[in-house]
Amino acid sequence: LRPETGEILAMAQAGEGDRKENLCLKADLPAASLFKIVAAAAAIEARGMSPETELTFQGSKYTLYRSQLKPQDRGRYTVRTTLRDAFADSINPVFGKLGIYELGREVMEDYAQRFLFDCPIPFDLPLEVSHFDPPEEEFAMAEIASGFNKRTLISPLHAALITAAVSNEGAIMEPWVVKRVRSGDGRTLYEAEPAVLARPVHESTVASLRDLMSEAANQGTARNAFRPLQRKNTFRDFDFGAKTGSINDPSNQYRLDWMAAYALPAGGRSGLSVAVLAVHGEKMGIRARDIVRQLIEEYFRT
């Protein structure tokens, strides 16, 4: 979609089976670490953090155990990091501790609603409502803030809108796919007009979020998607931002592989926001990051 207008340029699915429903409009799969965008926004705006804020953790980056959620990490195994690097590397215990000790239930619920969780999003086709499950106890707060849970649910279209807001000065535009409707005699009966749906955060917060998402694209978990593009002259002056996420589906039959990203050309040209969900069975097929790269390359080639 175009971040500045909300125009949907492509909305498609491919895979086995004869599905009549469009999974881009379904909101029944976990958001995983994509929710770290919301948690980071809350930490920056509601708690005054910055990309340089120093944080600590112990253990693996990608696990979330109660033993990793002590308020103070001390000792030889303590790792110091920053909010920027914790976001870029998707460090679960860092975001888990933010959820418990900095954000809490009210702040997380507030920012989830700001980013349109549990809010109907007007669209030309029926779009399911993404769901945020307010945490009731400490460990649940850690799970929610880090995305390490199967209760926060999102649609691919909603994921693209959240990413688009970061590249559009904080404005979530109302999505649309129907550009114009004319009568048989040529009269215009309907014409889409860009409209701001929500402004979940201030512009100063957006600048910090773009810093975090840029680091994820350049040095973090999304780097393999963008390095092949950055070596090409066409994309040398682009600003890329991204967030990845992976988790099993609620039935534990499939592996969900997310990437939500934006690509902004220099010189004020129109940008692109993309969200891809790849669902893998026993074997990992093509990764979401590779589809995102192909979509961006194809779009700006034409």
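Residues numbered from 1 in each chain as written. Predicted model: local features only at pLDDT ≥ 70, side-chain atom pairs only at ≥ 80, totals over all residues. Heavy atoms only, no water.

Draft legend 1. Highlighting the environment of Gln230. You can see Gln230 is positioned in helix 7 (residues 223–230). When its relative accessible area of 28% is taken as the criterion, Gln230 is described as partly exposed. Sequence separation between Gln230 and Leu127 is 103 residues, and the spatial gap between their C-alpha atoms is 34 Å. Residues within four places of Gln230 in sequence aside, it is in contact with Asn218 and Phe240. (Helix = DSSP H or I, 4+ residues; strand = E, 2+ residues; numbered from the N terminus. Buried < 20%, exposed > 50% of the residue type's maximum accessible area, 1.4 Å probe, protein only. Contact = heavy atoms within 4.5 Å.)

Draft legend 2. Structural detail: the sheet that holds strand 11 (residues 272–280). Spatially, three strands are ordered 9-10-11 in an open sheet, and the strand pairing comes out antiparallel. The open sheet terminates on both sides in strands that have one partner only, identified here as strand 9 (239–248) and strand 11. Averaged over all adjacent pairs, the angle separating strand axes in this sheet is 10°, with direction ignored. Bridge count between strand 10 (residues 255–264) and strand 11: nine bridges; the pairing is antiparallel. Following the sheet pairing, Ala263 is matched in strand 11 by Leu272. Taken strand by strand, helix 8 (residues 288–301) contacts strand 9, strand 10 and strand 11, and its axis lies near 145° from that of strand 11. (Pairing = 2+ DSSP bridges. Axes fitted to C-alpha atoms, helices over the stretch in contact; angles between N-to-C directions.)

Draft legend 3. The arrangement of the packing of helix 1 (residues 36–47) against helix 3 (residues 92–114) in detail. Between helix 1 and helix 3, the least distance of the axes is 8 Å, while the angle of their chain directions is 85°. With respect to helix 3, the axis of helix 1 lies roughly perpendicular. For the pair helix 1 and helix 3, contact is made by Lys36, Val38, Ala39, Ala40, Ala41, Ala42, Ala43, Glu45, Ala46 and Arg47 and by Asn92, Phe95, Leu98, Glu102, Leu103, Val107, Tyr111, Ala112 and Arg114, respectively. By residue class, the composition of the contact of helix 1 with helix 3 is 13 nonpolar, one polar and five charged. (Parallel < 35°, antiparallel > 145°, perpendicular 65-115°, else oblique. Nonpolar A, V, L, I, M, F, W, Y, C, P; charged D, E, K, R; others polar.)

Draft legend 4. Quick look at the packing of helix 3 against helix 4 (residues 138–146). Where helix 3 contacts helix 4, the axes come no closer than 7 Å and their chain directions differ by 105°. Considering their axes alone, helix 3 and helix 4 lie roughly perpendicular with respect to each other. In this structure, helix 3 uses Asn92, Phe95, Gly96, Gly99, Ile100, Gly104, Arg105 and Met108 to contact helix 4, whose residues at the interface are Glu138, Met141, Ala142, Ile144, Ala145 and Ser146.

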